[in-house]
Amino acid sequence: MTTGKNTKGYETPNHPYQGERIAEESGLLGRYGLKNKEELWRAQSELRSIRREARRLIGEAQGDVEKAEVAGSEFLTRLRRYGILGENDKISDVLSLDETDILERRLQTVVYRNGLASTPQQARQFITHGHITVDGARAKAPSRKIEAGEEALVQYDERSPLADDLHPARAEAQE
């Protein structure tokens with residue numbers, strides 16, 4: 001057996017058979033068009049590390065929020081750039097985030113919310129098949145985090161058949 005660094009990038013639930021949690025996860029999977037629970041667990045792990053960093057900064061500042069914001073200015077700037085935090089949110093607001101705040105920043109969700117696809121699942125398919133670009137560059141990862149400024153730059157690839165307004169798949173998405 002090898003002893004090395006855990007490279008999974010997410011943690012599984014401690015109690016795998018809790019009906020309420022399973023039902024909640026299934027709802028999120030459908031709502032965001034996730035392929036499997038692993039993608040949800042990755043978002044939850046990312047949220048845990050964000051909260052952990054906020055708690056560390058607040059703790060080092062001994063509860064002084066202003067001091068913690070100065071110390072964690074790069075951290076807060078990154079969260080604001082990705083649209084996870086609003087411009088006027090404080091470091092203490094990081095502790096009230098939930099996994100939907102992370103899931104809303106995925107390319108798959110942005111494509112769906114912008115009306116480029118009629119369902120989150122269709123958005124995932126368009127991305128994996130190479131029909132979507134971000135700032136002119138083809139994006140093939142539905143899990144890619146989209147910065148708030150990039151949201152308007154998400155569009156159909158000009159070489160894609162979906163770029164034609166009369167394409168049957170687009171007619172569904174525009175309704």
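Relevant structure appears above.
Figured I'd write up the structure that's included with this text. (Residues numbered from 1 in each chain as written. Predicted model: local features only at pLDDT ≥ 70, side-chain atom pairs only at ≥ 80, totals over all residues. Heavy atoms only, no water.)

**Considerations on the sheet that holds strand E2 (residues 137–138)**
Rule in force here: Only strands that DSSP links by at least two bridges are regarded as paired with each other. Numbering of helices and strands starts at the N terminus; helices are DSSP runs of H or I of at least 4 residues and strands are runs of E of at least 2.
With antiparallel pairing, 3 strands are arranged side by side in an open sheet as E2-E1-E3. Since the sheet does not close on itself, it has two edges, and those belong to E2 and strand E3 (154–156), each with one partner. Alignment of strand E1 (residues 132–134) against E3, held across 3 bridges, turns out to be antiparallel. Bridging from a neighbouring strand, Val134 pairs with Val154 of E3.

**Brief notes about helix H7 (residues 120–128)**
Which entries qualify depends on this criterion: The cut-offs for exposure are 20% and 50% of the maximum accessible area for each residue type, with area from a 1.4 Å probe on protein chains only; residues under the lower value are buried, those over the upper are exposed, and the others partly exposed.
Where H7 is concerned, the buried positions are Pro120, Gln122, Ala123, Arg124, Phe126 and Ile127. Gly130 occupies a position one or two residues after H7 and carries a positive phi of about 85 degrees.

**What to know about the packing of helix H1 (residues 19–32) against helix H2 (residues 37–60)**
When two helices pack together, their arrangement is given by the angle between the helix axes and by the axis-to-axis distance. Short version of the rule: Fitting a line to C-alpha atoms yields each axis, with helices limited to the stretch in contact; the angle taken between N-to-C directions then spans 0 to 180 degrees. Orientation is classified from the angle alone, with under 35 degrees giving roughly parallel, over 145 giving roughly antiparallel, 65 to 115 giving roughly perpendicular, and any other angle giving oblique. Contacts are residue-level and defined by heavy atoms, with any inter-residue pair within 4.5 Å sufficient. Basically, the charged four are Asp, Glu, Lys and Arg, the nonpolar ten are Ala, Val, Leu, Ile, Met, Phe, Trp, Tyr, Cys and Pro, and anything else, Gly included, counts as polar.
The interhelical angle for the contact between H1 and H2, taken along N-to-C directions, is 100 degrees, at an axis separation of 10 Å. Considering their axes alone, H1 and H2 lie roughly perpendicular with respect to each other. Residues Ile22, Glu25, Ser26, Leu28 and Leu29 of H1 form the contact with H2, whose own contacting residues are Lys37, Leu40 and Trp41. Of the residues assigned to the contact of H1 with H2, the class counts are 5 nonpolar, 1 polar and 2 charged.

**Some thoughts on the nonpolar core**
Stated formally: What we call a nonpolar core is a set of buried Ala, Val, Leu, Ile, Met, Phe, Trp, Tyr and Cys residues that are connected through their side-chain atoms within 4.5 Å.
Membership of the largest hydrophobic core comes to 23 residues, with the highest contact counts inside it found for Phe75, Leu79, Ile91 and Val94. When residues in this core are grouped by element, the largest group, 7 residues, is from H2. Residues Val110, Ile132, Ile146 and Ala169 belong to the second largest nonpolar core, which totals 16 residues.

**A word on the environment of Arg144**
Here Arg144 shows up in the loop between E2 and E3. For Arg144, a relative accessible area of 30% corresponds to the partly exposed category. Taking C-alpha positions, Arg144 is 21 Å from Ser26, a pair spaced 118 residues apart along the chain. Residues within four places of Arg144 in sequence aside, it is in contact with Arg105, Arg106, Leu107, Val134, Ala139 and Glu150.

**So, the pattern of salt bridges**
Rules: Here, a salt bridge means any Lys or Arg side-chain nitrogen found within 4 Å of an Asp or Glu carboxyl oxygen.
Under the definition given, this model contains 15 salt bridges. Notably, a salt bridge pairs Glu39 with Arg124, separated by 2.9 Å at the nearest N-O pair. With Glu39 in helix H2 and Arg124 in helix H7, this pair connects stretches of sequence that are 85 residues apart. As far as burial versus exposure is concerned, Glu39 and Arg124 are alike and both buried. The network of salt bridges with shared partners includes Arg21, Glu25 and Lys37.

**Notes on the environment of Ser73**
For Ser73, the position within the fold is in helix H4 (residues 73–81). According to the relative accessible area criterion, Ser73 is partly exposed, its value standing at 35%. Residues Ser73 and Leu166, spaced 93 residues apart in sequence, show a C-alpha to C-alpha distance of 47 Å.

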